[in-house]
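As a plain string of letters, each chain reads:
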Amino acid sequence: MNFENEFGYNVIQYTLVSHVLTLGYAVMAAGLVYFLLTMSGIAPRYRLASVLSAVVMISAFFELWVLSQRWSQAFAWNGSAYVGTDTLFSNGYRYMNWSIDVPVLLIQLLVVLGVTGRRFHRTWALFVAAGLAMIYTGYAGQFYEVDRSWPFWIWGLVSTVFFLFLLALVARLIFGNLRRLPRAARGPARSVWWLILVSWMLYPGAYLMPAMWDSADGVVARQITYTLADITSKVIYGVLIGVIARKVSAAEGGQAAIEEDVAQPRGGLTSATSS
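Caption draft 1: Summary view of the side chain of Thr227. Mapped onto the fold, Thr227 is located in helix 8 (residues 216-251). Side chain to side chain, Thr227 and Arg94 meet in a polar contact 3.5 Å long. From its side chain, Thr227 meets the backbone oxygen of Gln223 in a polar contact 2.8 Å long.

Here's what the structure looks like:
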């Protein structure tokens, strides 16, 4: 059981959590529209990055929408406060969503950095293994957050080891490929590293919130932290990935490729019409 279910909430506390979860899935919906509308400005070779951003938006939208619904079902107004019902609120949905999004987000990085062949598959395999290990060990630990017994700390520590390994892998990938990027794309690539470093650091803070701030206000802070981390590490990250893809496309003569791709007939209907 997550520690959100331990408390009753006043109107402000309950409403803040409800609104921040709603903001979260609304931003994901807006991000989906943005990535679908802007992918045509990217050369076909790098367009997969925007497609994957759209996949992340759909996944995160449903996760945050479910959390929002779960929050409204888990607490009811008794005349003086919002108190628990027979339905439990669970952050476990976040972990299930991350198990989809983290591997996808890291594939985007490989795509825009131009990593191909055996190196692509080897690096992606490391990303997936470390990412899923980080997520599922944290998932195991969150079941013990109410009493903060030893599994909460042990699983959290194991998750942190994989977390640090993943950060080192991302840093090596970005800075090891900077010289391969056109000069205009190097700044955004560095920004991706700092965004990952800062936004991903929010997640351990949210995991530890039951130990740092064991109260209804701590719950509010935790949900704001989790949602802010999701928005920055998925939407803002996807925007930066798109910036890199467009700059690389332009440097490689991508505009000509884009125009050719747009002008190319699509399927038999176009051919039949022209004949």
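Caption draft 2: Broad picture of the pattern of salt bridges. According to the stated counting rule, one finds 7 salt bridges in the structure shown. In this structure, Arg222 engages Glu145 in a salt bridge whose closest nitrogen and oxygen atoms are separated by 2.7 Å. Placement of the pair is Arg222 in helix 8 and Glu145 in the loop between helix 4 (117-141) and helix 5 (150-176), with a sequence separation of 77 residues. Under the relative-accessibility criterion, Arg222 is labelled buried at 1%. A relative accessible area of 0% means that Glu145 is categorised as buried. Residue Lys234 is joined to Asp230 by a salt bridge in which the shortest nitrogen-to-oxygen separation is 3.5 Å.

Caption draft 3: How the structure looks around the packing of aromatic side chains. By the definition in use, this model includes 22 aromatic pairs. Ring geometry for Phe152 and Trp153: centres 5.0 Å apart, planes at 80 degrees, overall edge-to-face.

Caption draft 4: Broad picture of the environment of Ala185. For Ala185, the position within the fold is in helix 6 (residues 183-207). Spatially, the C-alpha atom of Ala185 lies 45 Å from that of Arg148, the residues being 37 residues apart in sequence. Sequence-distant contacts of Ala185, defined by excluding residues within four places in its chain, comprise Ile244, Lys247 and Val248.

Caption draft 5: Focus on the side chain of Arg222. In this structure the side chain of Arg222 is engaged in a polar contact, spanning 2.9 Å, whose partner is the backbone oxygen of Ala206. Aside from chain neighbours lying at most four places away, what touches Arg222 is Phe3, Glu4, Asn91, Glu145, Ala206, Tyr207, Met209 and Pro210.

Caption draft 6: Structural view of unusual backbone geometry. Even without a glycine there, the phi angle at Arg148 is positive, about 50 degrees. With respect to the helices and strands, the residue Arg148 is situated in the loop between helix 4 and helix 5. The exposure class assigned to Arg148 is partly exposed, which follows from its relative accessible area of 23%.

Caption draft 7: Representation of the nonpolar core in the model. Grouped together as the largest cluster of nonpolar side chains are 79 residues, with contacts concentrated most on Tyr9, Trp71 and Leu109. Every element with two or more residues in this core is listed here: helix 1 (11-38), helix 2 (48-74), helix 3 (92-112), helix 4, helix 5, helix 6 and helix 8. Here this core takes 14 residues from helix 8, the largest share from any one element.

Caption draft 8: Examining the packing of helix 5 against helix 6 more closely. Interaxial distance between helix 5 and helix 6 falls to 11 Å at its minimum, and their mutual angle equals 175 degrees. The angle between helix 5 and helix 6 places the two elements in the roughly antiparallel class. On the side of helix 5, the interface is formed by Phe152, Trp155, Gly156, Phe163, Leu166, Leu167, Val170, Ala171, Ile174 and Phe175, while helix 6 contributes Ala189, Arg190, Val192, Trp193, Ile196, Leu197, Trp200, Met201, Pro204 and Tyr207. Taken together, the residues of the contact of helix 5 with helix 6 sort by class into 18 nonpolar, 1 polar and 1 charged.

Caption draft 9: Region of the structure containing the confidence of the model for the protein. For the protein, mean pLDDT is 88; residues scoring 70 or higher make up 92% of the total. Mean pLDDT across the elements of the protein bottoms out in helix 10 (residues 267-274) (41) and peaks in helix 1 (95). Contacts from residues 254-258, a stretch scored under 50 in pLDDT, to residues over four places away or in other chains number 9 contacts. Note on residues 266-275: pLDDT under 50 across the span, and 2 contacts to partners over four residues away in sequence or across chains.

Caption draft 10: Structural context of a nonpolar patch on the surface. Together, Phe143, Tyr144, Trp150, Ile154, Trp155 and Val158 make up a nonpolar patch on the protein surface, roughly 610 Å² of accessible area in all. Along the chain, the position of Trp150 falls in helix 5.

Caption draft 11: View of a positive patch on the surface. A cluster of basic residues, Arg118, Arg119, Arg122, Arg172 and Arg180, forms a positive patch at the surface. Residue contributions to the positive patch peak at 3 residues, all from helix 4. Mapped onto the elements of the fold, Arg118 is located in helix 4. Taking the relative accessible area as the measure of exposure, Arg118 reaches 75% and is therefore exposed.

Caption draft 12: Up close: the environment of Val83. Mapped onto the fold, Val83 is located in strand 2 (residues 82-84). Classification of Val83 by relative accessible area gives partly exposed; the value is 31%. Sequence separation between Val83 and Phe35 is 48 residues; the distance between their C-alpha atoms is 40 Å. The contact partners of Val83, leaving out residues within four places of it in the chain, are Ala74, Phe75, Ala76 and Asn78.

Definitions and cut-offs
- By convention here, each chain's residues receive numbers from 1 onward along its written sequence.
- It should be noted that, the model being predicted, local features are given only for residues of pLDDT at least 70 and side-chain atom pairs only at 80 or more, the latter also being counted only at that level, while totals for whole chains, interfaces and linings use all residues.
- Hydrogens and waters are ignored; side-chain quantities use all the structure's heavy atoms.
- Runs of E in the DSSP output that reach at least two residues are strands. Runs of H or I that reach at least four are helices, and both are numbered from the N terminus.
- Polar contact is defined as a pair of N or O atoms within 3.5 Å, subject to the rule that within protein one atom must be able to donate a hydrogen and the other to accept it, and that residues adjacent in sequence are counted only when both atoms are side-chain atoms.
- Here a salt bridge means any side-chain nitrogen of Lys or Arg lying within 4 Å of a carboxyl oxygen belonging to Asp or Glu.
- A simple rule labels every residue: compare its accessible area, found with a 1.4 Å probe on the protein chains alone, to the largest value its type can have, and call it buried under 20%, exposed over 50%, or partly exposed in between.
- Paired rings are identified among Phe, Tyr and Trp, the last through its six-membered ring, by centres lying within 6.5 Å, and are further divided according to the angle between planes into stacked (under 30 degrees), edge-to-face (over 60) and tilted (the rest).
- By definition in these notes, contact holds between two residues if any of their heavy atoms fall within 4.5 Å.
- The definition of a nonpolar core used throughout is a set of buried Ala, Val, Leu, Ile, Met, Phe, Trp, Tyr and Cys residues joined through side-chain atoms within 4.5 Å.
- In this description, a line fitted to the C-alpha atoms serves as the axis of each element, helices being fitted only across the stretch in contact, and the angle between N-to-C directions of two axes falls anywhere from 0 to 180 degrees.
- Note that the term roughly parallel is reserved for angles under 35 degrees, roughly antiparallel for angles over 145, roughly perpendicular for angles of 65 to 115, and oblique for everything else.
- Gly counts as polar in this scheme, as do all residues outside two lists: the nonpolar Ala, Val, Leu, Ile, Met, Phe, Trp, Tyr, Cys and Pro, and the charged Asp, Glu, Lys and Arg.
- pLDDT measures how confident the predictor is about each residue, on a scale from 0 to 100.
- The patches reported here contain residues having more than 30% relative accessible area and no salt bridge. Joining distances are 9 Å for like charges and 5 Å for nonpolar side chains (Val, Leu, Ile, Met, Phe, Trp, Tyr).
- The accessible surface values rely on the Shrake-Rupley method and a 1.4 Å probe; as for residues, cover is taken only from the protein chains in view.
- Within this scheme the basic residues Lys and Arg register as positive and the acidic residues Asp and Glu register as negative, but His and the chain ends are omitted.
- For this purpose, a charge sits on NZ of Lys, CZ of Arg, CG of Asp or CD of Glu.

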